[in-house]
Amino acid sequence: MDPHYDAQDVARCDLCEVAIVQSYCDFCHVNLCKPCIGEHISDDYSKKHIIVPFQQRRSTPIYPKCKTHPKRACEYQCKDCNIFLCTDCLASKPHNKKHKLSKLEEVFHQKKDHIHRDKEELKEELLPVYEEIATEIKNQIANLDVDYQKFTTQMSKHREELHREIDNVMDQREKEIDENKLKHLSILTKHLEEIKQLQSLMQESLHNLNEMEESNEVTPTIHYSSKNQEFSKLPPKVIVSMPKPIEKEELCSLIGKLTPLSTTLEERVFTAKKPNTSVRELLDEPEVLNTIKTGYVGLCSVTCIDEEEIWTSGQLTADIKCFNTQGVLQKTIKTKSGYRPGDIAVYSDGALVYSDGSKRTVYKVKNGQTEKIITLQGWIPFNLCVTSSGDLLVTMFSYDETQSKVVRFSGSTVKQTIQFDDDGQPLYSGNDYPKFITENRNLDICVADVEAGAVVVVNQAGKLRFRYTGPPSSTKNKPFKPGGITTDSQSRILTADHSNHCIHVLDVDGQFLRYIDNCDLELPTSLCVDNDDSLFVCEFIKGNVRKIRYLK
């Protein structure tokens, strides 16, 4: 068979064009059989030939050539200058020592992982949602004839009950119905076309992601920017109301007059699929993957959605710092008051929210703009949690420090207050100590009450489910004082035991599973888990954030 023309034939060597391919030159991008490898290499010894098994072809990154030293490949990227550098650049004229350098290989593989996740999200989650939207609109269009026929029939029956002298008026109304139907059809058709355009853009993006995932070109991979956040902002749902007859005076009151078509936009919100919660088990020996040095003296809070942005705040500063998982500082935000934030949290769209007890206010920061979203009277906000539905849970205490409660806000509107149990007793201790808060995957609300020495868990309705005050038989020397708290994809609850320098891991019903106490943690406080179930732990005095893998 001719290997150039038969698509079903096996891959052949590019040199002899006869033998079945066994190897591949990752530098020259050439298929090779074993006998032809020596011939290929001998053709040009100046090239850095990389011979790999054919199944592993295109596994070697293709680094960009240095503009200053053309014979050298770039191995580093300066985050501050956004340029690529080779080792000769660093040796001959050392780069600004204050600038942050990243290894291209690490950045390349991180971006590859990001591209793969985006491709899977686009293919498995976003495109199916848009397909459902398109189907919904198609069904509306398909039912238009039936719906409008019913409406016309009702009008016809009404017409039969009236005197012949009003036939002209009825004819006019039927004409209006036909006009409204055409307008209705036009609106839905236009909306369907918009959805199809978006689907086409996503298909194009998916195609590009497939190509980028297969490509080893470093430059376009490094410069890749995700569009999934843009696609996840679903288009508004077009709701066109059917016309209804309204009462009019004199003759028209016998027939009624059609109200004009009314079009409203109902916001759609994309909700990512929840991860599979039945497969990830605890590691026998958790391990520290990385340590981020934040520079805080008294590290109080850490929060993140993924490893791209890890937000932190400290005890003695108004600075809220954002790091990547390599510990490189990305940006810094200062509180408006100049005082330390009580706590920080992040919305799904990346917007930061922080509490400021000195102003009794909760602020939201997005695109560099800071706005007040909550201001309290008689209460001081402290710890925060953004829920899966986009609400904000706020722990707060009264001016006289005798009462504490949890309040759920939608924007600035109070939706729920959680303060007492069914017997009218306070759920939480009344003081100004932190009460770290999180929402579990089953929508339980979990609060680590430091002063009470308890993790207090209520259901979505605010009814007490259980209190955890430590394992049945403790092996630790000091009383349990829970600090930070978080939950993972398996609905396990993790809480920091500040005094005993460890983490307690509980199941969804509050049963103690194990300690994480082999990672040399010192005074752990705030915790968070990203969407890959990596655990981030604040070390209060050292000012470090430890990234820990604890699941298989």
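Residues numbered from 1 in each chain as written. Predicted model: local features only at pLDDT ≥ 70, side-chain atom pairs only at ≥ 80, totals over all residues. Heavy atoms only, no water.

A separate point is the nonpolar core. Core analysis: the biggest nonpolar cluster contains 27 residues, and Leu122, Ile137, Ile195 and Met202 have the highest contact counts within it. If you list the elements that add at least two residues to this core, you get helix H3 (104-160), helix H4 (167-214) and strand S7 (237-241). Residues within four places of Met202 in sequence aside, it is in contact with Leu122, Leu126, Leu127, Tyr130 and Phe231. The next biggest cluster of nonpolar side chains, apart from the first, holds 16 residues, and it includes Tyr347, Ile374, Val394 and Phe409. (Core = buried A, V, L, I, M, F, W, Y, C linked by side-chain atoms within 4.5 Å. Buried < 20%, exposed > 50% of the residue type's maximum accessible area, 1.4 Å probe, protein only. Helix = DSSP H or I, 4+ residues; strand = E, 2+ residues; numbered from the N terminus. Contact = heavy atoms within 4.5 Å.)

Looking now at the pairing of strand S33 (residues 535-539). Burial analysis of S33 places five of its five residues in the buried class, the great majority of the element. Judged by which residues are buried, S33 turns out to be covered on both faces: Leu535, Val537 and Glu539 on one side and Phe536 and Cys538 on the other are all buried. Counting the residues that bridge the hairpin from strand S32 (residues 524-529) to S33 gives five residues, and of these Asp533 lies at a positive phi of roughly 65 degrees. In this antiparallel pair of consecutive strands, S33 and strand S34 (residues 544-551), the connection spans four residues, and Gly543 shows a positive phi of 75 degrees. (Pairing = 2+ DSSP bridges.)

Turning to the confidence of the model for the protein, a few remarks are in order. Low-pLDDT portions of the prediction should not be read for the details of their coordinates. Predicted confidence across the protein gives a mean pLDDT of 86, with 91% of residues reaching 70 or more. Low pLDDT, under 50, characterises residues 1-8; the predicted model gives this stretch seven contacts beyond four residues in sequence or across chains. (pLDDT = per-residue confidence, 0-100.)

To continue, consider the sheet that holds strand S19 (residues 369-375). If you trace the four strands from one edge of the open sheet to the other, you get S16-S17-S18-S19, paired in antiparallel fashion. Because the sheet does not close on itself, it has two edges, and the strands there are strand S16 (344-346) and S19. Averaged over neighbouring strand pairs, the angle between their axes works out to 25 degrees when direction is ignored. For strand S18 (residues 361-366) and S19, the ladder comprises six bridges, and the chain directions are antiparallel. (Axes fitted to C-alpha atoms, helices over the stretch in contact; angles between N-to-C directions.)

Below, the discussion takes up the pattern of salt bridges. For the structure on display, the rule yields 20 salt bridges. Glu213 is the salt-bridge partner of Lys119, the closest N and O atoms lying 2.6 Å from each other. Of the two residues, Lys119 sits in helix H3 while Glu213 sits in helix H4, which places them 94 residues apart along the sequence. Of the charged contacts in the structure, one is a salt bridge between Lys415 and Asp391, with a shortest N-O distance of 3.0 Å. (Salt bridge = Lys/Arg side-chain N within 4 Å of Asp/Glu carboxyl O.)

Sheet strands associate in pairs through backbone hydrogen bonding, adopting either a parallel or an antiparallel arrangement. The strand order across the open sheet formed by four strands is S20-S21-S22-S23, and the pairing between neighbours is antiparallel. Every other strand in the sheet has two partners, leaving strand S20 (379-386) and strand S23 (413-418) as the edge strands with one partner each. Geometrically, the sheet is characterised by an average inter-axis angle of 30 degrees between neighbouring strands, direction not taken into account. Sheet analysis places strand S22 (residues 404-410) next to S23, joined by five bridges and oriented antiparallel. Bridge pairing links Val406 to Ile418 in S23.

Here we come to the state of the cysteines. By the definition in use, this model includes zero disulfides. Cys13 carries a free sulfur, and the closest cysteine sulfur to it, the one in Cys36, is 3.8 Å from it. Residue Cys519 stays outside any disulfide, its sulfur separated by 11 Å from that of Cys502, the closest cysteine. Judged by relative accessible area, Cys519 falls into the buried class, the value being 4%. (Disulfide = S-S within 2.5 Å.)

With that out of the way, let us pick up the packing of aromatic side chains. Scanning the model with the defined rule gives four aromatic pairs in all. Consider the rings of Tyr468 and Phe480, whose centres lie 5.4 Å apart with planes at 75 degrees: the pair is edge-to-face. Of this pair, Tyr468 sits in strand S27 (residues 464-468) while Phe480 sits in the loop between S27 and strand S28 (482-487), and the two are twelve residues apart along the sequence. Across this residue pair, the class does not change: Tyr468 and Phe480 are buried. Between the NZ or CZ atom of Lys405 and the centre of the ring of Trp379, over which it lies, the distance is 4.0 Å. The ring of Tyr515 has Lys476 lying over it, and the distance from NZ or CZ to the ring centre is 4.6 Å. (Phe/Tyr/Trp six-rings, centres within 6.5 Å; stacked < 30°, edge-to-face > 60°. Lys NZ or Arg CZ within 6 Å of the ring centre and 35° of its normal.)

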